[in-house]
Amino acid sequence: MDTSFSKLFSITGLNKIKGINQGLIHGNMGLCILFYVSSRKLENDRLEEIADHLIEEVFENINDKTTLDFENGLCGIAWGIEQIIRNNYVEGDSDIILEGIDSQLFAYLNKERMIGFDFTKGLSGFLFYLTSRLKNYHQNPSLSSRINRELFIHCINQIDDSVTPQLNFISKDMEFNLFWRFPLVLLCLINAMQLNIYNEKIEIMLCLWIQRMETCIPRLHINRLYLAIIFFRAGMILQNSQFDTMCKLLLDSIEIMQLNKEINFNTDKIRYGYNGFFWVLKQARKIIPDNYPKMERLKLFDEEMNLVAESLKKKSQDSHSNEDLQKFDVCVGTTGILLWDILTEQLFVDVLLQNSFNR
C-alpha cells in the first residue's frame, strides 16, 4: 500500500478526520469514495468500515447552510452518493435519497441568471451531476427523471449563454489549474452527449466555439496540451475534423523547454502543482496517438518527468506531517491523485466507451 495512503488510513482509523468539510473535493464524501474503492481493490474490510463511518458523518452534518456547488456542497455530495449506490458499495434508492437536492438545484437554476460555468462552483459541475443522475433513468423513467431532463436542457442553455462571451479569456489564463474551466466545460458537454437528449444543441455550441478558439491560443504550454486532449476527444465523438485540426495546431505550438519552465515544483497539490501537471502529461500519452505533432517528444519528456516524479513523491511522503495528511483531498498530494482519477474516470472512460459503441 502507498506510504502516504497508509498514513492517511491510520489517521482516519483513529477517527481524527471528521466533521469539518463534508464535500466531495475537500471533505468526507471524497474520502468515503476513496476508501470504498480501495477496500474492494485491496480486499480490506477495515477500509470499508472507515468508508461507512465517513458516509454517516456526511449525512449527519448536512444542514440548511450546506452550499449547492460541486466542490464543497450538495451536488458533489449527491454525485458521490450516486456513485457508491451505482457501484454497490451501499444499498439505497438514489431517487428517494437525492430528491431534496434535485429540488434545490431546480429552484436555483430557474432563479439565478448570472451563474459562472466553472466546474467547482458553477454550471459545469451541475451538468456533470445531472448527467450522472440521468444515466440511471433509461429503463425506469419517472417524474424525477422528467424534471431532471428539463433541468439538464436548461443547464446546457445557460452554459451556452455563459461560455460564449468568455472565449477570448482562454488566452489570458496565466497559471496552471487542473480545474481550469474551459477544458472541463467541454469535457462535461461531451460526456452529456451520451444521453442523446440535447445533442444537436451541444454539437452546434461546440462547433461555433471551435471557430472562435482558433484565434485564442493559451499562453501556458501546459494549458495548450490540456485543451489538445479535450479537442482530440471531441473530434472522436463528433467525427468533426475541425477539432482534430485544432488539437494538432495546439500540439504543434507546444515548446518542450517552455513546459519544463512552467512546472511548479514548490507544491504537490494536484490542482495547481506538479502532480496535476504530470497527470496531464500522462493523459496526453494515453489518449493522443504517437503520430500527432510533438507526441514523440512529449513521450520522452513524460518519461524524464516520471523519474522526477518518483523522487518528488518520496520527498513529499517524508515531509508530510499528520496535520498535512488530515487535509488530504482531491487537491493535495498522491492521495489526491487517486481521488482525482476516480472522479475523472467516469468522464474519460465513458467517452471512450461511447466512441467504441458509435463505431
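The structure this text deals with has already been given above.
Please read these numbers as outputs of a predicted model, since none were measured by experiment.

Analysis parameters
Residues numbered from 1 in each chain as written. Predicted model: local features only at pLDDT ≥ 70, side-chain atom pairs only at ≥ 80, totals over all residues. Heavy atoms only, no water. Helix = DSSP H or I, 4+ residues; strand = E, 2+ residues; numbered from the N terminus. Buried < 20%, exposed > 50% of the residue type's maximum accessible area, 1.4 Å probe, protein only. Expected span 1.5 Å × (residues − 1). Polar contact = N/O pair within 3.5 Å; in protein donor to acceptor, adjacent residues only side chain to side chain. Contact = heavy atoms within 4.5 Å. Patch = residues over 30% accessible without salt bridge, like charges linked within 9 Å, V, L, I, M, F, W, Y side chains within 5 Å. Areas by Shrake-Rupley, 256 points an atom, 1.4 Å probe, with all protein chains shown as cover. Salt bridge = Lys/Arg side-chain N within 4 Å of Asp/Glu carboxyl O. Axes fitted to C-alpha atoms, helices over the stretch in contact; angles between N-to-C directions. Parallel < 35°, antiparallel > 145°, perpendicular 65-115°, else oblique. Left-handed = near helix turned anticlockwise from the far one by under 90°. Nonpolar A, V, L, I, M, F, W, Y, C, P; charged D, E, K, R; others polar. Disulfide = S-S within 2.5 Å.

Colleague: Could you give an account of unusual backbone geometry, with specific residues and numbers?
Modeller: Phi at Asn-88 is positive, roughly 60°, even though this residue is not glycine. Its location among the elements puts Asn-88 in the loop between helix H4 (74-86) and helix H5 (94-97). On the basis of relative accessible area, Asn-88 is assigned to the exposed category, the value being 62%. Its identity is not glycine, yet Lys-294 carries a phi of approximately 70°, on the positive side. Here Lys-294 is to be found in the loop between helix H14 (274-287) and helix H15 (295-319). For Lys-294, a relative accessible area of 31% puts it in the partly exposed group.

Colleague: Any chance you could break down helix H12 (residues 241-252) for me, citing the residues and the numbers?
Modeller: In this model, H12 (twelve residues) spans 16 Å end to end at C-alpha, consistent with the 16 Å of a helix rising 1.5 Å per residue. N-cap assignment for H12: the residue whose side-chain oxygen lies 2.8 Å from the backbone N of Gln-242 is Asn-240.

Colleague: Residues and numbers for the side chain of Glu-262, please.
Modeller: Its place among the elements puts Glu-262 in helix H13 (residues 256-262). With residues up to four places along the chain from it excluded, the contact list for Glu-262 reads Arg-219, Leu-220, His-221, Ile-222 and Phe-277.

Colleague: Residues and numbers for a nonpolar patch on the surface, please.
Modeller: On the surface, a cluster of nonpolar side chains totalling about 300 Å² of accessible area is made up of Phe-59, Ile-96 and Ile-97. Of note, Ile-97 is situated in helix H5.

Colleague: Give me the packing of helix H2 (residues 28-42) against helix H3 (residues 45-61): which residues, what numbers.
Modeller: Taken N-terminus to C-terminus, the directions of H2 and H3 make an angle of 160°; their axes are 8 Å apart at the nearest point. Relative to H3, H2 is oriented roughly antiparallel. Taken as a pair, H2 and H3 cross one another with a handedness that is left-handed. Side by side, H2 and H3 meet where Asn-28, Met-29, Leu-31, Cys-32, Phe-35, Tyr-36, Ser-38, Ser-39 and Leu-42 of the first sit next to Leu-47, Glu-48, Ile-50, Ala-51, Asp-52, Leu-54, Ile-55, Glu-57 and Val-58 of the second. Residue composition of the contact of H2 with H3, by class: twelve nonpolar, three polar and three charged.

Colleague: Go over helix H8 (residues 143-163) with me, naming the residues and quoting the values.
Modeller: With 21 residues, H8 extends 30 Å between its outermost C-alpha atoms, agreeing within 8% with the 30 Å of an ideal straight helix rising 1.5 Å per residue. Listed in full, the buried residues belonging to H8 are Ser-145, Asn-148, Leu-151, Phe-152, Ile-153, Cys-155, Ile-156, Gln-158, Ile-159, Asp-160, Ser-162 and Val-163. Each element contacted by the buried residues of H8 is listed here: helix H6 (99-111), helix H7 (123-134), helix H9 (181-192) and helix H10 (199-213).

Colleague: Residues and numbers for the state of the cysteines, please.
Modeller: Applying the stated rule across the entire model yields zero disulfides. Here Cys-155 is not cross-linked by a disulfide; its sulfur's nearest cysteine counterpart is in Cys-75, at 9.1 Å. With a relative accessible area of 0%, Cys-155 lands in the buried category.

Remember, this is a structural readout, not a statement about activity or role.
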